[in-house]
Amino acid sequence: MRSRQSLTAFIFALGLAACSGDDGGTQASDTGLRGSTANVCSGAGKGIAVGVTQQGEAGVFSFELVAANPAPPEQFDNAWTVAVTNGAGDPAPDVVLLVGTWMPDHGHSSPKAVNVTQTADGSFELDPVNLFMPGLWEITMTAEAADGTSDETVFSFCLNGEFPIGGGES
Ligand SMILES: [Cu+2]
């Protein structure tokens, strides 16, 4: 099994190949994903949509995707609004939200960190949620209260899109 580091290096090698505009039929074509718009992970994950609410694994907090731009999520940068509520359905006070990205089938995260900003109403703005390639994504949300209480959930969904080789963002 390859390590996370070598997979990350592999992905960035693909990105470099795309930027050079010259690959000579190397690693990129070996993935079989070049320019593909195929559904690469159909049926995987729980799915994502505005209004989806998941209870944390510890049963302390709930996490709701209250807004998404674009909706449904698309490849590249997304902006999400997430509300964290307690067992009574009220906004959880004094909570810090940490967000991580992961592609379990590929063994890498997004190259961009998710910036999380709490708004006046207590919800959280996540911008960007950079879904830079199609496939199965796991977005882990961890809420940590001031008293040390912590809970987390994983939003998982299959993202369709065009593999960013030979065009798209660089
Ligand atoms: Cu990936």
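Residues numbered from 1 in each chain as written. Predicted model: local features only at pLDDT ≥ 70, side-chain atom pairs only at ≥ 80, totals over all residues.

**Student:** What's the story with the sheet that holds strand 7 (residues 135–145) in this structure? I'm lost.
**Tutor:** The strands that make up a sheet pair up through hydrogen bonds in the backbone, lying either parallel or antiparallel. With antiparallel pairing, the 3 strands of this open sheet are ordered in space as 4-7-8. Of all the strands in the sheet, just strand 4 (95–102) and strand 8 (150–159) have a single pairing partner and so form its edges. Strand-to-strand twist in this sheet, taken as the mean axis angle between neighbours without regard to direction, amounts to 20 degrees. Pairing between strand 4 and strand 7: 8 bridges, direction antiparallel. Within strand 7, the residue paired with valine 95 across the bridge is alanine 145. (Pairing = 2+ DSSP bridges. Helix = DSSP H or I, 4+ residues; strand = E, 2+ residues; numbered from the N terminus. Axes fitted to C-alpha atoms, helices over the stretch in contact; angles between N-to-C directions.)

**Student:** Is there a simple way to explain the environment of asparagine 160 in this structure?
**Tutor:** Mapped onto the elements, asparagine 160 comes out in the segment after strand 8. C-beta crowding within 10 Å serves as the criterion here: with 16 such atoms nearby, asparagine 160 is assigned to the partly exposed category. When the C-alpha atoms of asparagine 160 and serine 42 are compared, they prove to be 8.6 Å apart, with 118 residues separating the residues in sequence. (Buried ≥ 20, exposed ≤ 12 C-beta atoms within 10 Å, placed from the backbone.)

**Student:** In this structure, what is going on with the confidence of the model for the chain? I would like to understand it.
**Tutor:** Detail in the predicted coordinates should be disregarded across regions flagged by low pLDDT. When pLDDT is averaged along the chain, the result is 80; 72% of the residues meet or exceed 70. Contacts of residues 1–35 to residues separated by more than four positions or lying in other chains number 32 contacts, the stretch itself having pLDDT below 50. Low pLDDT, under 50, characterises residues 166–170; the predicted model gives this stretch 8 contacts beyond four residues in sequence or across chains. (pLDDT = per-residue confidence, 0-100. Contact = placed C-beta atoms within 7 Å.)

**Student:** Can you walk me through the nonpolar core in this structure?
**Tutor:** Note on soluble globular proteins: their nonpolar side chains tend to be buried together. One finds Val82, Val84, Leu97, Met141 and Ala143 to be the most contacted residues of the largest nonpolar core, which totals 26 residues. Broken down by secondary-structure element, the contributors of at least two residues to this core are strand 2 (62–69), strand 3 (76–85), strand 4, strand 6 (124–131), strand 7 and strand 8. With residues near it in sequence (within four places) discarded, valine 84 still touches Phe61, Phe63, Ala92, Val95, Leu97 and Ala143. (Core = buried A, V, L, I, M, F, W, Y, C linked by C-beta atoms within 7 Å.)

**Student:** I keep staring at the pairing of strand 3 and nothing clicks. Help me out?
**Tutor:** Where a strand is regular, its side chains alternate between the two sheet faces. Note that strand 2 and strand 3 share 7 bridges and pair antiparallel. From the neighbouring strand, phenylalanine 63 faces strand 3, where its bridge partner is valine 84. Hairpin connection of strand 2 to strand 3: 6 residues between the antiparallel strands. Judged from the 6 bridges that link them, strand 3 and strand 6 form a sheet pairing that is antiparallel. Counted as the bridge partner of aspartate 77 is asparagine 130 from strand 6.

**Student:** What am I meant to see in the sheet that holds strand 3 here?
**Tutor:** Taken in spatial order, the 5 strands make up an open sheet running 1-2-3-6-5, and their pairing is antiparallel. The outermost strands of the open sheet, each flanked by one partner alone, are strand 1 (53–55) and strand 5 (116–118). Ignoring which end each strand starts from, the neighbouring axes of this sheet average 25 degrees apart.

**Student:** What is the right way to read the pairing of strand 2 from this model?
**Tutor:** Across 3 bridges, strand 1 lies against strand 2 in antiparallel orientation. Bridge pairing links glutamine 54 to phenylalanine 63 in strand 2. Connecting the antiparallel pair strand 1 and strand 2 is a turn made up of 6 residues, with glycine 59 showing a positive phi of about 75 degrees.

**Student:** Just checking my understanding: could you explain unusual backbone geometry for this structure?
**Tutor:** Across residues other than glycine, the phi torsion is negative in most instances, and most of the peptide bonds are trans. With an omega of 0 degrees, the peptide bond between asparagine 69 and proline 70 qualifies as cis. Inspection of the secondary structure assignment puts proline 70 in the loop between strand 2 and strand 3. Cis geometry marks the peptide bond from aspartate 127 to proline 128, where omega comes out at 5 degrees. Mapping proline 128 onto the fold places it in strand 6. Non-glycine residue phenylalanine 76 carries a positive phi angle of around 80 degrees. Relative to the elements of secondary structure, phenylalanine 76 occurs in strand 3.

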